[in-house]
There are 2 protein chains.
Amino acid sequence: MTNIKDLAKRAGVSVTTVSRVLNQHPYVSEAKRIKVERAIEETGYLQNINAVHLSKGKTNLIGVVLPFLDHPYFAQVLIGISEQAKEKGQTLVLFPTNYEIEKEQQALRMLRQKQLDGVIICSRVLPLSVLEDYVQYGPIVLLEQRQSEQFSSVFVDHKEIFTRALEYLYKQGHRDIGYTIYRRNGTHSNVRDEAYRAFLERHQLSFNPDYCFDGALYLEDSKAVFEKLKTLNRPPTALLVTSDQVAAGLVIHAEAFNVSVPKTCAVIGLNDEPIAKAVNLTTVRIPLKAMGEKLLDQVLSSEREHASFDVILIERQTV
Amino acid sequence: MTNIKDLAKRAGVSVTTVSRVLNQHPYVSEAKRIKVERAIEETGYLQNINAVHLSKGKTNLIGVVLPFLDHPYFAQVLIGISEQAKEKGQTLVLFPTNYEIEKEQQALRMLRQKQLDGVIICSRVLPLSVLEDYVQYGPIVLLEQRQSEQFSSVFVDHKEIFTRALEYLYKQGHRDIGYTIYRRNGTHSNVRDEAYRAFLERHQLSFNPDYCFDGALYLEDSKAVFEKLKTLNRPPTALLVTSDQVAAGLVIHAEAFNVSVPKTCAVIGLNDEPIAKAVNLTTVRIPLKAMGEKLLDQVLSSEREHASFDVILIERQTV
DNA sequence: ATAGATGATGAAACCCGTTTCATATCAAGC
DNA sequence: GCTTGATATGAAACGGGTTTCATCATCTAT
């Protein structure tokens, strides 16, 4: 493989000059520039990028930490991130964690070892305190509702989402409203719980612990929701479902479980994933792609920033 | 940042010895090993991985080229790849191409620049001849039915899939059978077309160019299929649909288009994606995750190999 | 007792760029 | 004629590891 030295010799200039040509620095005479360019063409020279990385101390590599690749929520965010990455000349390194702590740590370690210029964390199990130890090595940005001094973040207001969706259901006459989530101790579970309890209080409704269903993320998880629903002697008349996958599953499986949506049970989803439109799901649209783009911008920026995105309630046929 | 030199000084040994400790090479006395390990702990030393890459000429980075992130077909393959990557200590760099040629080229360029140890191509638009120019820089493996000398590959026999699905429909009494694909000039379109025409010939059925529907990849593409279906004065009584997303869309939207599945139109899908089970889709299961794992193994291996995977026809309710 | 294998160690070469710094040339301004 | 600033260029330092090679000390088998 030809390296920059060979190139310099062949062009009859110093390696410095070659480097200047490669990096489009000024102060190279036309004559030498042409010589170097010809040498590059003749040899088919290409920089050894690892040497460039070592020398420059950066890699244009951004780590993306996310639990699952096969869920539309994360897929949409990832599409936003990757389109913006293309725009900004960045390349993505993926860390599908399955919520395993070592996979998250791996991303942080690579940041520390300078293999990554920054890390985008779309969802996590690692405590914030651990992340804080790593900001010194490079920007870490979060896809979560959190206004930390240390990290930029991108988020939607989950309290508002819950409040709006719940009030909407209330206005349609529902008084027994349950909700489904994936993780009980996820980063947004608290906010949601608070919004839910505030809603109940506001309307003097009583709290029923059975009305919170967890483990609901994928289409097929809707079956478990139905099954649990069947065990209740006073099942909710409406469900706020924090993933359209699950909400769509409820709609699709309703008949099999002898439920009618929205008659027996109204359903309001979240995200406005493609399937939502297909099954006519009332849902709250979150601009996931735009949020992904913003995440990429933030990880490249030195400013701390907290970007909030607005949501839209999409009324369709399941409430 | 402490580097290996500082470490050597602090431990009172040579950098060579430190390197040996770091890389678990033999021939280091217990005493010195302990000294070095203590120095590492005290300083919190971590290798600059870019220096390691430059020195070793490899990065443990594998490029994955795929058109879309938000389709279950590729998501499943990617999950297989990434689980095996974790197993083998490899990290993935993603190239979501949207079938843009420059994105595919970017992966190849990074291979050539030694930033990637190998490239997995799940689907492509670049001609094979271009890929061949790059095998000299590192292993390139393909997710496609092709027995090339230059590349390892992982595949299912699309001819067999088509043949089995078509014969199955034939056995159920169907004589007007159409099929849907995404790209007319995709890597497998030929094979499928051949299988289709051979099937027609075998049963002395006539070829109808309107029976091939393209542009069908996502759930919502099913609507276009229905619309085109409506324009035919002799619509097919059965469809072989090469993505469960589309097949599920057909089932979900059937009512709206005044079609009954399977009565008016039988549907057989492909891949056995999660949604297939949810909507009771008859489909052909492809072991995508296992294939992804194999792809990762192949890209790490120096042997050329062509791995064929078996498929299973899953009979449910749409035929 | 001795050849030959095995263990232990460090100097130096190597991987391959970028960037700083010193130096030189040339033209414009006074 | 002289200072000053812009242009042009290359030597050398720097980023930070790994690996080869030479050397020396032990141990084992004959």
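Sequence order as written defines the numbering, with residues in each chain counted from 1. Written order decides the labels, with chains lettered from A and ligands numbered from 1. Residue-level local features of this predicted model are given only where pLDDT is at least 70; pairs of side-chain atoms are given and counted only at 80 or more, and the full residue set underlies all totals for whole chains, interfaces and linings. The basis for the side-chain values is all heavy atoms of the structure; hydrogens and waters are excluded.

Around DNA strand C, the surrounding shell holds 24 residues, and the nearest of these are Ile4, Ser19 and Ser55 of chain A together with Thr17 and Tyr27 of chain B. Each residue is tested against the molecule or strand, and it is near if at least one of its non-hydrogen atoms lies within 4 Å. Of all atoms in DNA strand C that approach within 4 Å of the protein, 66% are sugar or phosphate atoms. Any N or O atom pair separated by 3.5 Å or less is treated as a polar contact, with the protein-specific requirement of one donor-capable and one acceptor-capable atom, and with residues adjacent in sequence counted only for side-chain atom pairs. Taking Ser19 of chain A, its side chain carries an N or O atom lying 2.7 Å from a phosphate oxygen of DNA strand C. For helices the rule is a DSSP run of H or I covering at least 4 residues; for strands it is a run of E covering at least 2, with both sets numbered from the N terminus onward. The set of elements that each furnish at least two residues to the surface near DNA strand C consists of α2 (15-22) and α4 (49-56) of chain A together with α2 (15-22) and α4 (49-56) of chain B. Take the surface near DNA strand C: its biggest share by element is four residues, from α4 of chain A. Residues were grouped as follows: Ala, Val, Leu, Ile, Met, Phe, Trp, Tyr, Cys and Pro as nonpolar; Asp, Glu, Lys and Arg as charged; and all remaining residues, including Gly, as polar. Its residues assigned to classes, the surface near DNA strand C comprises eight nonpolar, 13 polar and three charged.

Surveying the vicinity of DNA strand D reveals 26 residues, the closest of which are Thr17 of chain A together with Ile4, Ser19, Tyr45 and Ser55 of chain B. For DNA strand D, the backbone makes up 62% of the atoms found within 4 Å of the protein, where backbone means sugar plus phosphate. Taking Arg20 of chain A, its side chain carries an N or O atom lying 2.8 Å from a base nitrogen of DNA strand D. For DNA strand D, a sugar or linking oxygen lies 2.5 Å from a polar atom in the side chain of Ser55 of chain B. When residues of the surface near DNA strand D are traced back to their parent elements, those giving at least two are α2 and α4 of chain A together with α2 and α4 of chain B. The biggest single contributor to the surface near DNA strand D is α4 of chain B, with five residues. Class assignment for the residues of the surface near DNA strand D results in 10 nonpolar, 13 polar and three charged.

Attention now moves to the packing of helix α10 (residues 221-231) of chain B against helix α11 (residues 244-253) of chain B. Residue and element names in this part refer to chain B. Where α10 contacts α11, the axes come no closer than 8 Å and their chain directions differ by 65°. Crossing of α10 against α11: the hand is right-handed. Of the residues in α11, those in contact with Ser222, Lys223, Val225 and Phe226 of α10 are Val246, Gly249, Leu250 and His253. Residue composition of the contact of α10 with α11, grouped by class: four nonpolar, three polar and one charged. Helix axes use the C-alpha atoms of the stretch in contact, all axes being lines fitted to C-alpha atoms, and the angles between their N-to-C directions lie in the range 0 to 180 degrees. Each crossing gets its hand from how the near helix is turned against the far one by less than a right angle, where anticlockwise is left-handed and clockwise is right-handed. For this analysis, residues touch if any pair of their heavy atoms sits within 4.5 Å.

A word on the pairing of strand β9 (residues 266-271) of chain B. Residue and element names in this part refer to chain B. Among the six residues of β9, six are classified as buried, and the element is accordingly described as predominantly covered. Pairing geometry for strand β8 (residues 238-241) and β9, over three bridges, is parallel. Directly across from Leu239, in β9, lies its bridge partner Val267. With α11 bridging β8 and its parallel neighbour β9, the resulting β-α-β unit is right-handed. Only strands that DSSP links by at least two bridges are regarded as paired with each other. Pairing geometry for β9 and strand β10 (residues 282-285), over four bridges, is parallel. Among the inter-strand pairings, Leu270 is bridged to a residue of β10, identified as Val284. Each residue gets one of three labels from its accessible area relative to the maximum for its type: buried under 20%, exposed over 50%, partly exposed in between, using a 1.4 Å probe on protein chains only. Handedness of a crossover is defined as follows: with both strands directed away from the viewer, a clockwise route from the first strand across the helix to the second makes it right-handed.

Before going further, it helps to examine the pairing of strand β11 (residues 306-309) of chain A. Regular strands place side chains that alternate from one sheet face to the opposite one. Residue and element names in this part refer to chain A. Residue alternation in β11 divides its side chains into a buried set, Ala307 and Phe309, and an unburied set, His306 and Ser308. Relative to β11, strand β5 (residues 152-156) runs parallel, the two being bridged by four bridges. Across the sheet, the residue bridging to Ser153 is His306, located in β11.

Look at the link from Val261 of chain A to Pro262 of chain A: it is a cis peptide, with omega at 5°. Mapped onto the elements, Pro262 of chain A comes out in the loop between α11 (244-253) and β9 (266-271). Phi angles above zero are rare outside glycine, and Tyr27 of chain B is one such case at about 65°. Secondary-structure assignment places Tyr27 of chain B in the loop between α2 and α3 (30-43). The residue Asn98 of chain B is not glycine, and still its phi comes out positive at about 55°.

To continue, consider α10 of chain B. All names here are of chain B. Along α10, the residues that are buried comprise Asp221, Ser222, Val225, Phe226 and Leu229. Along α10, the residues classed as buried sweep out an arc of 150° about the axis, all on the same side. The elements touched by buried residues of α10 are β6 (177-180), β7 (212-213), β8 and α11. The directions from the helix axis to the C-beta atoms form the arc being described.

Moving on to the interface of chain B and chain A. Taken residue by residue, the interface counts 45 residues in chain B and 45 residues in chain A. Just to be clear on terms, a salt bridge is a Lys or Arg side-chain nitrogen sitting within 4 Å of an Asp or Glu carboxyl oxygen. Counting the contacts that link chain B with chain A gives four salt bridges. The salt bridge involving Lys86 of chain A is made with Glu100 of chain B; its shortest N-O contact spans 2.4 Å. Taken together, the connections running from chain B to chain A amount to 13 residue pairs in polar contact (both at pLDDT 80 or more). Put simply, the parts of the chain that give the side of chain B that touches chain A at least two residues each are α4, α5 (72-87), β2 (91-96), α6 (101-112), α11 and α12 (274-278) of chain B. Of the residues contributing to the side of chain B that touches chain A, the split by class is 23 nonpolar, 13 polar and nine charged. Relative to β2 of chain B, strand β2 (residues 91-96) of chain A is paired through three bridges, and the arrangement is antiparallel. Along β2 of chain B, the bridge assignment pairs Val93 of chain A with Val93 of chain B.

This part takes up the UniProt feature "domain: HTH lacI-type" (unreviewed entry) in chain A. UniProt positions are given in the numbering used here, feature names are shortened, and annotations may be inferred rather than shown by experiment. Under the UniProt annotation, the feature "domain: HTH lacI-type" (unreviewed entry) is placed at residues 2-56 of chain A. For the annotated span residues 2-56 of chain A, helix accounts for 69% and strand for 0% of the residues, and the straight-line distance between the end C-alpha atoms is 20 Å.

This part takes up the environment of Gln172 of chain A. Mapped onto the fold, Gln172 of chain A is located in the loop between α8 (158-171) and β6 (177-180). With 97 residues separating them in the primary sequence, Gln172 of chain A and Gly269 of chain A have C-alpha atoms 16 Å apart.

Right, let's talk about the relation of the copies chain B and chain A for a bit. The superposition of copies rests on a least-squares fit of C-alpha positions from residues with pLDDT of 70 or more in both. Between chain B and chain A, which share one sequence, the superposing operator has a rotation angle of 180° and an axial displacement of 0.0 Å; the RMSD is 0.1 Å. Such a combination of turn and shift is consistent with a two-fold rotation axis. Among all residues of chain B, the minimum C-alpha distance to the rotation axis is found for Val93 of chain B, at 2.2 Å.

Paired through their backbone hydrogen bonds, the strands of a sheet run either parallel or antiparallel. With respect to topology, 12 strands assemble into an open sheet ordered β11(A)-β5(A)-β4(A)-β3(A)-β1(A)-β2(A)-β2(B)-β1(B)-β3(B)-β4(B)-β5(B)-β11(B), the strand pairing being mixed. For this open sheet the edge positions go to β11 of chain A together with β11 (306-309) of chain B, each flanked by a neighbour on one side alone. On average, each strand axis in the sheet is tilted by 20° relative to the strand beside it, whichever way the strands run. Where strand β3 (residues 118-121) of chain A lies against strand β4 (residues 140-142) of chain A, three bridges are found, and the strand directions are parallel. When the sheet's bridge partners are listed, Ile121 of chain A is paired in β4 of chain A with Leu142 of chain A. Strands β1 (61-66), β2, β3, β4, β5 and β11 of chain A of the sheet are contacted by helix α13 (residues 288-300) of chain A, whose axis makes an angle of about 170° with β5 of chain A.

Let us look at the layout of surface pockets. In this structure, the largest pocket spans a volume of roughly 1000 Å³. Residues are called lining when one of their atoms sits within 4 Å of a cavity or pocket point, these points coming from a 1 Å grid over the protein atoms alone, where a cavity is a set in which a 1.4 Å probe fits but cannot get out and a pocket is an open set with protein on both sides within 12 Å along at least five of seven lines. Lining the largest pocket are 31 residues, and of these Ile252 and Glu255 of chain A together with Val251, Ile252 and Glu255 of chain B lie nearest its centre. Taken together, the elements giving at least two residues each to the lining of the largest pocket come down to α11 and α12 (274-278) of chain A together with α11 and α12 of chain B. Residue composition of the lining of the largest pocket, by class: 17 nonpolar, nine polar and five charged. Grid points are joined across faces, edges and corners, and a volume is the space filled by probe spheres set on the points. Approximately 570 Å³ is the volume attributed to the second largest pocket. Forming the boundary of the second largest pocket are 26 residues, of which Arg109 and Gln113 of chain A together with Gln47, Ile49 and Asn60 of chain B lie nearest the centre. Partitioned by chemical class, the residues of the lining of the second largest pocket number nine nonpolar, 11 polar and six charged.

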